[in-house]
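# What the coordinates show
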Amino acid sequence: MSLIKFSFAMALAAFGLQLAANAQSLPTRETQATAAVKKTEAAAKERINAWTVGLAGGLIEGAPLRLAAEIARVVNEEDKLHVLPIVTRGATENVNSLLYLRGVDAAIINTDALEEYKAQVPSIERRIVYVLNLFPSELHIFVRPEIRSLEELKGKKVNFNTQGTAAAYSGPLIFSRLGLNVEKMFIPHQVALEQMKRGEIAAVVFVTSKPVDAFLKGRWDPGFKILPVEYGAKFEDYYLPSSIDATDYPSLVPKGERIATIAVPTILAAYNWPQQSDRYRRVARLVDHLFGRFDRLQSPGFDSKWKEVNLRASVPSLGRFKPAQEWLDLPQAVTAGRSP
């Protein structure tokens with residue numbers, strides 16, 4: 001073989017070796033790049049989930065979901081807390097979500113929704129704690145002129161609003177405790193009120209915070225009224241005493257008169273996680289941010305009902321989440337400077 005041919009062969013061999021080396025190094029560089037991307041994504045995933053709190057709200061058109069969204073607006077802070085309001089089918093489902101649904105740490109519920117779980121979860125009062133008593137939802141039993149007492153509603157048509165609302169759950173439960181067997185209806189209240197004016201329905205039951213626009217702004221003939229419901233032992237487990245007066249409904253209640261009723265506490269509840277758990281720490285941080293910034297919720301631009309919320313208000317039959325109680329026990333000067 002001539003020198004030229006030999007040199008050419010050696011050059012080809014060297015070129016082939018270089019190609020092979022490049023082919024081997026390319027996957028290595030790609031593997032390193034992929035590993036770096038995966039590491040970055042894993043860190044981002046860890047960061048965004050580290051302080052995420054799932055908050056079960058309620059129906060998309062309901063007040064509880066709006067309150068949950070406003071809580072998130074105030075407490076969320078990048079890399080420190082991320083509250084996710086969740087649309088559900090109402091108060092009862094929120095209890096179910098709090099007990100069993102992955103990712104749910106807190107929920108807005110009506111206290112009497114726990115009644116449904118007493119049989120299947122006998123220790124439910126130890127598994128659920130409350131963070132905050134948001135506001136009471138007063139019972140309004142609005143009747144036609146010919147109805148003069150609760151007893152006269154027996155066997156008559158009474159509307160409890162659509163399924164999933166507070167009235168549809170709490171109303172029949174309260175009527176059962178009162179021993180009132182009525183013909184239950186579950187249609188939109190605005191439809192039922194028109195039927196009531198025509199005499200087709202005897203009463204409508206609202207379970208919501210007063211005042212109710214339908215009674216405040218509606219035009220009602222003389223005799224339409226709200227019936228009194230006296231607070232007693234049968235209501236001590238979940239309910240609170242309340243009243244309705246002329247300041248609530250000037251056209252329905254004579255000045256100086258007071259109508260006794262009961263109220264269902266609407267609360268921000270949490271699962272009672274073990275104290276050393278990650279989920280416990282998340283809810284504890286929610287408490288710190290929420291209580292420390294509570295004055296923001298009471299400022300313009302938020303639901304006016306926040307101005308009526310008392311951080312120290314208790315809830316029948318439930319214990320308060322320990323970090324919430326500890327926060328309230330701190331001197332005012334200390335709490336005022338937390339969670340800016």
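Our subject is the structure that appears above.
For the structure given in this document, a descriptive report is provided here. Please read these numbers as outputs of a predicted model, since none were measured by experiment.

Residue Pro211 is bonded to the preceding Lys210 through a cis peptide linkage, with omega at 0°. Assignment of secondary structure puts Pro211 in the loop between strand 7 (203-208) and helix 7 (213-217). In this structure, Asn161 takes a positive phi of about 70° despite not being glycine. In this structure, Asn161 sits in the loop between strand 5 (157-159) and helix 5 (166-178). Backbone geometry at Ser317 places phi at a positive 75°, although glycine is not the residue there. Along the polypeptide, Ser317 turns up in the loop between helix 9 (294-297) and helix 10 (322-329).

As a volume, the largest pocket reaches approximately 930 Å³. What lines the largest pocket is a set of 36 residues, and nearest its centre among them are Gly62, Ala63, Asn161, Val207 and Thr208. Of all the elements, helix 2 (residues 63-75) adds the most residues to the lining of the largest pocket, at four residues.

Moving on: the packing of helix 8 (residues 278-292) against helix 10. Look at helix 8 against helix 10: their axes get within 9 Å of each other, and the N-to-C directions meet at 35°. Between helix 8 and helix 10 the crossing geometry is right-handed. Packed against helix 8, whose contacting residues are Tyr280, Ala284, Val287, Asp288, Phe291 and Gly292, the element helix 10 presents Lys322, Pro323, Ala324, Trp327 and Leu328 at the interface. When grouped by side-chain class, the residues that make up the contact of helix 8 with helix 10 number eight nonpolar, one polar and two charged.

Assignment of secondary structure puts Gln195 in helix 6 (residues 189-197). What Gln195 contacts, discounting residues up to four positions off in sequence, is Met185, Ile187, Glu200 and Ile201.

Ranked by internal contacts, the top residues of the largest apolar core, which has 82 residues, are Leu132, Ile141, Leu153, Leu268, Phe291 and Trp306. Among the elements that line this core, the one with the most residues is strand 4 (residues 128-143), at ten residues. If we ignore the near neighbours within four places in the chain, the residues touching Leu153 are Ile141, Val143, Ile147, Val158, Phe175, Val182, Ala202, Ala203 and Leu227. Core analysis: the second largest hydrophobic core is formed by 18 residues, Met185, Leu193, Val204 and Ile244 among them.

Another point: helix 8. The end-to-end C-alpha separation of helix 8 is 21 Å, in line with the 21 Å expected for 15 residues at 1.5 Å each. Residues of helix 8 that are buried include every one of Tyr280, Arg282, Val283, Leu286, Val287, Asp288, His289, Leu290, Phe291 and Gly292, and no others.

Another aspect to go through is the packing of aromatic side chains. In this structure the tally under the stated criterion is 13 aromatic pairs. Considering the side-chain rings of Phe215 and Tyr249, the 5.8 Å spacing of their centres and the 80° angle between planes classify their relative orientation as edge-to-face. Residue Phe215 is located in helix 7, and its partner Tyr249 is located in the loop between strand 9 (240-245) and strand 10 (258-271); the two are separated by 34 residues in the primary sequence. Taken individually, Phe215 and Tyr249 each receive the classification buried, so the pair is uniform in this respect. Consider the rings of Phe235 and Tyr239, whose centres lie 5.6 Å apart with planes at 85°: the pair is edge-to-face. Since its relative accessible area comes to 0%, Phe235 is described here as buried. Of the aromatic side chains, those joined through ring pairs into one cluster are Phe142, Phe206, Phe215, Trp220, Phe224 and Tyr249. Over the aromatic face of Trp220 sits the side chain of Lys197, whose NZ or CZ is 4.8 Å from the ring centroid. Lying over the aromatic face of Trp51, Arg285 brings its terminal NZ or CZ to 3.4 Å of the ring centre.

Calculation rules
Here, residues in each chain are numbered from 1, in the same order as that chain's written sequence. Two thresholds apply to this predicted model, a pLDDT of at least 70 for residue-level local features and 80 or more for giving and counting side-chain atom pairs, whereas whole-chain, interface and lining totals are computed over all residues. Each side-chain value is derived from all of the structure's non-hydrogen atoms; neither hydrogens nor water enter the calculation. Elements are defined by DSSP. Helices are runs of H or I of four residues or more, strands are runs of E of two residues or more, and each kind is numbered from the N terminus. A pocket here means an open set of points on a 1 Å grid, computed over the protein atoms alone, that has protein on both sides within 12 Å along at least five of seven lines. A cavity is instead a set of points where a 1.4 Å probe fits but cannot get out; residues with an atom within 4 Å of a point line either one. Grid points are joined across faces, edges and corners, and a volume is the space filled by probe spheres set on the points. Between the N-to-C directions of two axes lies an angle of 0 to 180 degrees, each axis being a line fitted to C-alpha atoms and, for a helix, fitted only over the stretch in contact. Crossings are assigned a handedness: left-handed for a near helix turned anticlockwise from the far helix by less than a right angle, right-handed for a clockwise turn. Only heavy atoms matter for contacts: two residues are in contact if any of them lie within 4.5 Å across the pair. Three residue categories are used. Nonpolar comprises Ala, Val, Leu, Ile, Met, Phe, Trp, Tyr, Cys and Pro, charged comprises Asp, Glu, Lys and Arg, and polar comprises the others, including Gly. Residues belong to a common nonpolar core when they are buried Ala, Val, Leu, Ile, Met, Phe, Trp, Tyr or Cys residues joined through side-chain atoms within 4.5 Å. Think of it in three bands: with a 1.4 Å probe and only protein chains considered, a residue is buried below 20% of the maximum accessible area for its type, exposed above 50%, and partly exposed in between. Every helix has an expected span of 1.5 Å times one less than the residues it contains. Any two rings among Phe, Tyr and Trp, with Trp reduced to its six-membered ring, count as a pair given centres within 6.5 Å; such a pair is stacked if its planes are under 30 degrees apart, edge-to-face if over 60, and tilted if neither. For a Lys NZ or an Arg CZ to count as sitting over a ring, it must be within 6 Å of the ring centre and within 35 degrees of the ring normal.

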